[in-house]
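Residue strings, one per chain:
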Amino acid sequence: MTAARSAEPVAPAFGYGDDRAVPGGPLRTLLLDGRRAASVTHVESVPARPGVQGDWPEWVPGLLRGRLAAVGVDRPWLHQIAAADAARAGRHVVLSTGTASGKSLGYLLPLLSGLLEEPGSRALYLAPTKALARDQLAAVRRLSLTEVRAAAIDGDTPREDRDWARAHATYVHTNPDMLSYAMLPQHARWASWFRGLRYVVVDECHHYRGVFGSHVAQVLRRLRRICRKYGSDPVFLLASATVADPGSTARRLTGLPVDVVDVDASSRGALTFALYEPPLQTRGGAQSGDAGGTGDGAPGEDAPTGENGAPVRRSATAESAELLADLVADGTRTLAFVRSRRAAEGVALSARRMLTEAGLPGSTVAAYRAGYLPEERRQLERALRSGDLVGLAATNALELGIDISGLDAVLLAGVPGTLASLWQQAGRAGRRGGDALAVLVARDDPLDTYLVHHPEAVFGRPVEAAVLDPDNPYILTPHLECAAAELPLTEADLAVFGPAARPVLDDLVRRGRLRKRPAGWYWTSRERPSADLRGTGGAPISVVESATGRLLGTVDRGSAHGTVHDGAIYLHQGESYLVQQLCWEDGCALVEPVTVDWTTSVRDITDIRIVEVLRSTKLAPPPGSGSAARSGEVTVHFGTVDVSSQVVSYLRRRVASGEVLGEEPLDLPARELRTRAVWYTVAPSLLERAGIDAADVPGAVHAAEHAAIGLLPLWATCDRWDIGGVSTALHADTEATTVFVYDGAPGGAGFAERGYERLGGWLGATRDAIASCECPAGCPSCVQSPKCGNGNHTLDKAAALRLLEQIVGKPAAARRAA
């Protein structure tokens, strides 16, 4: 284990609160004593930091100062003052500081001051989730400013409350979806409200990345255009976690020049951050090096999944469930973040079972995830705040800045896709100023394996910049349709939507979607257009209990083929349901309750064809790398591709061991996707020098592809589930050995392009992840993939490592040893 050391990473920063400290002894003992000590690869000690406060700006009304003092805010931090002054002066600003650094006060000072001074002024707050918007609404209402009439508008808001908000609210809290679907199309009914709009808050703006971020960027451009019609020009205030180049992200989102405030002056409690790699276990469940281990897996998608007899680690969900139960038993208020809805249910179920077996109340642990009904979510949030719940297993639905005070510890069951999200989740512990513990429990995944063995990539490296592409024609097209339906587009509007707008408009006219007139472009249909902001593929699938008609939850259409197909196991609040029938046209999946010890996962087939090469380069190995690659042996391309994929069957796996119990065929339609990809071709001469025979090429490139997909999130703000890959010994379009990695969204999301730009570092990290894995022939920690359509067959770890060493050279340590 690496010795603990002090450092100053991009880490959580803590705001106002009491001096209650986390009981350090029991928490440290939990990890550093007994059998778990061998699994801790690194402990980082982030020291406490005093804050620097300043005086209230003179323009802040006395009433507002008094109400803030009443809730414990006596003086602002310097970064709050800097952001507030910029917005007050009429400049757009992004405030990018650590978790719990009080970013909300930075935008509330000018916003609330303006609403108090100008009764006719209005303000808009946008959050990525309904829960965060509701939380911020509650915070404003606690200030008891009767002159500020705050309201929330979202999918849970009754019609009469929406009508009241439109007529009377001065401060509306909502999300980009509701702004796009309801407020902008009905702008005439909101005319007086938009006329008075002075401030627009875009909270947690680092969350707006990829396809979703690109859609939100276009929604904000539509908002600016509607505001211009009614004579308003609002100031945009953006709040972001600490990310690389927040100014560039904010400018891409808004299309406006933006001031940047990124020096964090808040105080922070001490944080102990442990990197934890679960032990290897055999197929029978015993852990490597620990004959007494149970190896039981918790229900969830990352239960042991090693294929072909490969060694697997105890799953991150199983380990996190046990840690959660131990922490709750000790009275430690803990939040466990997991990667999926199914895993949230599984971790909570296992933790409750362990507590009950120990004679403790299992009701102190619950799951929280998207797909719950609104009243269920509100009840869970209240129970966690009140202390009725001591432990919670949650998806990233609780990652964002909902104010849940008094948490002592955070468990992360796997890297949450990006470093920005990792620090955002870790920062949920100690949010009231106390010391805290965060534990990253590595999944059997190349990215997790790399990070727990390379702590400098977590603690000594800037967080990634957000990747988004508002000019993607697949993104821009529906928003230009929506804009034309809201108000005919004019030549002057093209500057708002950017240089890609004109060719898209020409295409819409050609297809009859818009009509060109001297005054501009007009929408031609009686039906209102819409944009699918979150790329879910349309209206969600309702999960309905067939015997009672009870609605259990919803599933995105984009993931329905993989989660609620006929025969799938669906988990809801710890209970298992068998999907009897997926009714695609009716938008529902009929389920029945069952008691089983197995879960399901799908297999699919994928084909890829090159449509257009946009950029190409010959890869030159870095000087002194030890690479033997010669000029022209490796060529890298970026361009447009067509991807066809089809779910063809599903596997039934035993939860505890991952044992495959059977495979059942599925008859589902293929899905077509035109997107962007990065791919590289390898010459036969390089394969020969790597000692890879023709028969071994498929296994080598397949393993290299899997590992590369797992490591791309280090270089682009994506998750491995946002991208896909195909590898082949001989591709029909390139006529060469080729590895593809493509964006999983129509038109692309910018991830593949970032991979093209950073290919050397990306493949170098991929090589290191494979080399550092202790398994003999490949496992989920290095070259096996949880979403492989071929069931992880034909993987050659050793050949993949030799291939990558020929492309980018051997690691520095290996070269020194040689």
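Before any of the text, the structure's been laid out above.
The structure presented is a predicted model; accordingly, all values stated were derived computationally and were not measured.

A. Seen up close, unusual backbone geometry. Of note in the backbone geometry, Ser144 takes a positive phi value of approximately 55° without being a glycine. The residue Ser144 is located in the loop between helix H5 (130–141) and strand E5 (150–152) in this model. Take Ser144: its relative accessible area is 44%, and that puts it in the partly exposed class. With a phi angle near 60°, Thr794 is a residue other than glycine that sits in the positive phi range. Structurally, Thr794 can be placed in the loop between helix H24 (759–772) and helix H25 (797–808).

B. Focus on the environment of Phe273. Considering the arrangement of structural elements, one finds Phe273 in strand E10 (residues 271–276). A relative accessible area of 0% means that Phe273 is categorised as buried. Along the sequence, Phe273 and Glu44 sit 229 residues apart, while their C-alpha atoms lie 5.1 Å from each other. Once residues within four sequence positions are removed from consideration, Phe273 is found in contact with His42, Val43, Glu44, Leu422, Trp423, Ala426, Ala438, Leu440 and Phe459.

C. Expanded view of the pattern of salt bridges. Taken as a whole, this structure holds 33 salt bridges when the rule is applied. The closest approach of N and O atoms between Asp326 and Arg36, which form a salt bridge, is 2.8 Å. Here the residue Asp326 occupies a position in helix H11 (residues 316–329), and Arg36 occupies one in the loop between helix H1 (24–32) and strand E2 (40–46), the gap between them amounting to 290 residues. For Asp326, a relative accessible area of 32% translates into the label partly exposed.

D. Representation of the packing of aromatic side chains within the structure. If you walk through the whole model with that rule in mind, you get ten aromatic pairs. An aromatic cluster is present here, built from Trp190, Trp193, Phe194 and Tyr230 joined pairwise through their rings. Just above the ring of Trp584 sits the side chain of Arg557; from NZ or CZ to the centre is 4.8 Å. Across the ring face of Trp598, the terminal group of Arg652 is positioned such that the distance to the ring centre comes to 5.3 Å.

Procedures and definitions
Residues numbered from 1 in each chain as written. Predicted model: local features only at pLDDT ≥ 70, side-chain atom pairs only at ≥ 80, totals over all residues. Heavy atoms only, no water. Helix = DSSP H or I, 4+ residues; strand = E, 2+ residues; numbered from the N terminus. Buried < 20%, exposed > 50% of the residue type's maximum accessible area, 1.4 Å probe, protein only. Contact = heavy atoms within 4.5 Å. Salt bridge = Lys/Arg side-chain N within 4 Å of Asp/Glu carboxyl O. Phe/Tyr/Trp six-rings, centres within 6.5 Å; stacked < 30°, edge-to-face > 60°. Lys NZ or Arg CZ within 6 Å of the ring centre and 35° of its normal.

Function cannot be read off these values alone, since they describe shape.
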